[in-house]
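If you want the building blocks of each chain, they are given just below.
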Amino acid sequence: MRLPRVLPVLPAVVVIALLGLPIGPGGEGGAGPADAVSALMVLYCGIRLVRDRRRPLSRTAAVILGLPVLGLAIAATGAASPGAGITGMGRYLQIFVLVPAAVLLLIRHRADFRVLAWSFVGLALWQGAIGVHQFLTGTGASYQGQEIRAVGTFGAQDVMGMATVVCFGLICAVGLALGTTAVRQRAVAACCALALLVPLALSFSRGAWIATAVTCSAQLVLAGMRRALKVGAVVAALGVILVGGFGVGSAMLQERVNSITQVTDAPDQSVTDRYTMWAAAVDMWRAQPLTGVGLKGFPEHRDAHASLALSAGSDTEGAGAAFRKQPLLSPHNMYLLILAEQGLIGLLALAGGWLALLVCGLRGLARVRRAGVGNGLDCGLVACGLLVWQLTDFVYADIGGTSTVLTAVCFGLAAWWGLAGSGRRETVPTPPAVPARTEEAAAR
């Protein structure tokens, strides 16, 4: 692909690519180079808008993307300290307002969208390859006393980082395989999706497994029931052959899968901690139902609302890092975190905007399918898939860690499709015309 075609979305591609860099052993997994470049991307978009003197967003886009600002401003005033309020508000604005708006503005047409989708796939393959190597060589994060958990370059302090990246790449690959009309591109995307299933399994992340299963099923249904039944039959047959016939899958992996159905009968300590923090978040909300306890207030109020079943923290080790006790500073549920810290006002503002994006995206996807044209279907499946995965994963996780900036890019892709891209026809910049040779020039 020629550089001039990629140049407009190059800042977003750089943000994605920087997440392939290794993090130092023992790193906290906070803001990194990708976050810094995302800030520069937002600044670039702002300067360009001032220079062009045009209205950047439609009224609908401005309302949906700007809706969280109200709840954030109220919650920031209720923070324990001005510094905590400013820091928390800046992080939320980055992930859910500024970076998504910048991505929406950078994408010009569906070719740009596909560039970003393939960038997600490339990053997922890179991180997944590192994760598989960690499992095979015993150099990953610690899991049940063995350093086999695939974490990629994110380290033991951010065990969900690689799983998140691989899931995003898998969903993009599935959408590209189901929707595009180019046979070669569909085949490559399908092969990438199958390859990414291995590092996803080796991440031992139950929440990522559940969210991915829900999302891929939704993508298949949205692509067409006939295709969904065919692909479902093939996947079921492959599963029976690999697991039943060849015995693929370690005992640890099977035990992890079985533990999904044992969260009430015989939960492990991680599940107990999660339920305890969920209950603490609900208790915080009951104390301050409208505005919550303030941004970044969950750690400060946790002990006052949590039961004695909560452990001191989770054990992290491996992938180049020494053993340490990682404190539990969030409920690992985005909706409950917002409810506890921002109250009903913040939850309605943020979750309301996400649901509005999903409705707009699904309407755009239905519009493309009714048109009977293959162009654009892949973009719709990718955008809706990323949003469905994120909203499902928020039941088991919240923002935090180096990979969080990818969440912002995903919301930007969903925003472009639902608010700008789904109603456009397929337009790809054509190269400049070459003058025809004259007969005299041809004779030479």
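Everything numeric here is computed off the predicted structure, so don't read it as measured data.

Cut-offs applied
Within any chain, residue numbers begin from 1 and follow the written order of that chain's sequence. Residues qualify for local features only when their pLDDT is at least 70, as the model is predicted, and side-chain atom pairs are given and counted only at 80 or more; totals for whole chains, interfaces and linings, by contrast, use all residues. Neither water nor hydrogens contribute to the side-chain values; these are computed over all heavy atoms in the structure. Each helix is a run of DSSP H or I of at least 4 residues and each strand a run of E of at least 2, with the numbering of both proceeding from the N terminus. Throughout this description, buried means an accessible area under 20% of the type-specific maximum (1.4 Å probe, protein chains only), exposed means over 50%, and partly exposed covers the range between. The criterion used for residue contact is that any of the two residues' heavy atoms lie within 4.5 Å. Note on areas: these come from Shrake-Rupley sampling with a 1.4 Å probe, and a residue is covered only by the protein chains present in the view. In this scheme, a helix's expected span is set at 1.5 Å multiplied by one less than its residue total. Using a 1 Å grid laid over the protein atoms alone, points where a 1.4 Å probe fits but cannot get out form a cavity; open sets with protein on both sides within 12 Å along at least 5 of 7 lines form a pocket; any residue with an atom within 4 Å of a point counts as lining. Grid points are joined across faces, edges and corners, and a volume is the space filled by probe spheres set on the points. The nonpolar class holds Ala, Val, Leu, Ile, Met, Phe, Trp, Tyr, Cys and Pro. Asp, Glu, Lys and Arg form the charged class, and all remaining residues, Gly among them, are polar. For helices, the axis comes from a line fit to the C-alpha atoms of the stretch in contact; other axes are also lines fit to C-alpha atoms, and the angle between any two N-to-C directions lies between 0 and 180 degrees. Should an angle fall under 35 degrees it is called roughly parallel, over 145 degrees roughly antiparallel, and 65 to 115 degrees roughly perpendicular, with every other angle called oblique. Two helices crossing with the near one rotated counterclockwise from the far one by less than a right angle form a left-handed crossing, whereas a clockwise rotation gives a right-handed crossing. Note: two strands are recorded as paired if DSSP finds a minimum of 2 bridges between them. Salt-bridge detection follows one rule: a side-chain nitrogen of Lys or Arg within 4 Å of a carboxyl oxygen of Asp or Glu. Nonpolar core, defined: a set of buried Ala, Val, Leu, Ile, Met, Phe, Trp, Tyr and Cys residues in which side-chain atoms within 4.5 Å join the residues together. Here a Phe, Tyr or Trp ring, Trp counted by its six-membered ring, pairs with any other such ring whose centre lies within 6.5 Å, and the pair is stacked when the planes are under 30 degrees apart, edge-to-face when over 60, and tilted otherwise. The pLDDT score gives, residue by residue, the confidence of the prediction method on a 0 to 100 scale.

### Side note on the overall build of the protein chain
Of regular secondary structure, the protein chain possesses 18 helices and four strands. Per-residue burial over the protein chain gives 49% buried out of 444 residues. Pairs at least 24 residues apart make up 78% of the contacts formed inside the protein chain by residues separated by at least 6 positions. A total of about 20,600 Å² of accessible surface is found on the protein chain, and carbon and sulfur atoms cover 65% of it.

### Some details on helix 10 (residues 206-223)
Over its 18 residues, helix 10 extends 26 Å from the first C-alpha to the last, a length consistent with the 26 Å expected when each residue adds 1.5 Å. Count one or two residues on from helix 10 and you reach Gly224, which has phi positive near 135°.

### A word on empty space enclosed by the protein
One pass over the structure, following the stated rule, counts two cavities of 30 Å³ or more. If you add up the space inside the largest cavity, you get close to 60 Å³. Taken together, Ile64, Leu65, Pro68, Phe96, Pro100, Gly353, Trp354, Leu357 and Phe411 make up the full set of residues lining the largest cavity. Every element with two or more residues in the lining of the largest cavity is listed here: helix 4 (59-66), helix 6 (82-106) and helix 15 (334-371). The biggest single contributor to the lining of the largest cavity is helix 15, with three residues. Its residues assigned to classes, the lining of the largest cavity comprises eight nonpolar, one polar and no charged. Roughly 30 Å³ of internal volume is contained in the second largest cavity. If you trace the second largest cavity, you find it lined by Leu357, Leu358, Gly361, Ala383, Cys384, Leu387, Ala414, Trp417 and Gly418. At the level of secondary structure, the elements contributing two or more residues to the lining of the second largest cavity comprise helix 15, helix 16 (377-393) and helix 17 (404-421). Considering only residue class, the lining of the second largest cavity consists of seven nonpolar, two polar and no charged.

### Concerning the packing of helix 8 (residues 160-179) against helix 16
One way to put it is that helix 8 packs onto helix 16 with a least axis distance of 8 Å and a crossing angle of 150°. Here helix 8 lies roughly antiparallel to helix 16, going by the angle between them. Where helix 8 crosses over helix 16, the two elements pack in a sense that is right-handed. Residue-level contacts link Thr164, Cys167, Phe168, Ile171, Cys172, Gly175, Leu176, Leu178 and Gly179 of helix 8 to Leu377, Asp378, Leu381, Val382, Gly385, Leu386, Trp389 and Gln390 of helix 16. Split by residue class, the contact of helix 8 with helix 16 holds 11 nonpolar, five polar and one charged.

### Topic: the environment of Arg59
Of note, Arg59 is situated in helix 4. The exposure class assigned to Arg59 is exposed, which follows from its relative accessible area of 68%. For Arg59 and Leu419, which are 360 residues apart along the polypeptide, the C-alpha to C-alpha distance reads 10.0 Å.

### Side note on the pairing of strand 2 (residues 146-149)
In terms of strand pairing, strand 1 (residues 141-143) meets strand 2 through three bridges, oriented antiparallel. What sits directly across from Ala141, in strand 2, is Arg149. Count of turn residues in the strand 1/strand 2 antiparallel hairpin: two residues, of which Gln144 carries a positive phi of about 55°.

### Regarding the pattern of salt bridges
Scanning the model with the defined rule gives four salt bridges in all. The salt bridge involving Arg91 is made with Asp35; its shortest N-O contact spans 2.9 Å. Placement of Arg91 in helix 6 and of Asp35 in helix 3 (residues 33-52) is noted, with a sequence separation of 56 residues between them. Looking at Asp35, the relative accessible area reads 8%, which means it is buried.

### With respect to the nonpolar core
Core analysis: the largest hydrophobic core is formed by 119 residues, its most contacted members being Tyr92, Phe96, Leu116, Phe120, Met334 and Trp354. Broken down by element, this core gets its largest block of residues, 15 residues, from helix 15. Not counting chain neighbours up to four residues away, the residues in contact with Tyr92 comprise Leu72, Val97, Leu295, Met334, Leu337, Ile338, Glu341, Gln342, Leu350 and Ile399.

### Things to note about the packing of aromatic side chains
Applying the stated criterion across every chain yields a total of 12 aromatic pairs. Relative to Phe394, the ring of Tyr335 has its centre 6.2 Å away and its plane inclined at 85°; by these criteria the two rings are edge-to-face. With a gap of 59 residues between them, Tyr335 in helix 15 and Phe394 in the loop between helix 16 and helix 17 connect regions that are remote in the sequence. Residue Tyr335 is classed as partly exposed on the basis of its relative accessible area of 21%. Classification of Phe394 as buried rests on a relative accessible area of 2%. An aromatic cluster of three or more residues is present, and its members are Tyr92, Phe96, Tyr335, Trp354, Phe394 and Phe411.

### Points about helix 16
The end-to-end C-alpha separation of helix 16 is 24 Å, in line with the 24 Å expected for 17 residues at 1.5 Å each. Counting buried positions over the 17 residues of helix 16 gives 17, a clear majority of the element.

### Some remarks on the confidence of the model for the protein chain
For the protein chain, mean pLDDT is 83; residues scoring 70 or higher make up 81% of the total. For residues 427-444, every residue scores under 50 in pLDDT, and the model assigns this stretch eight contacts once sequence neighbours within four places are set aside.

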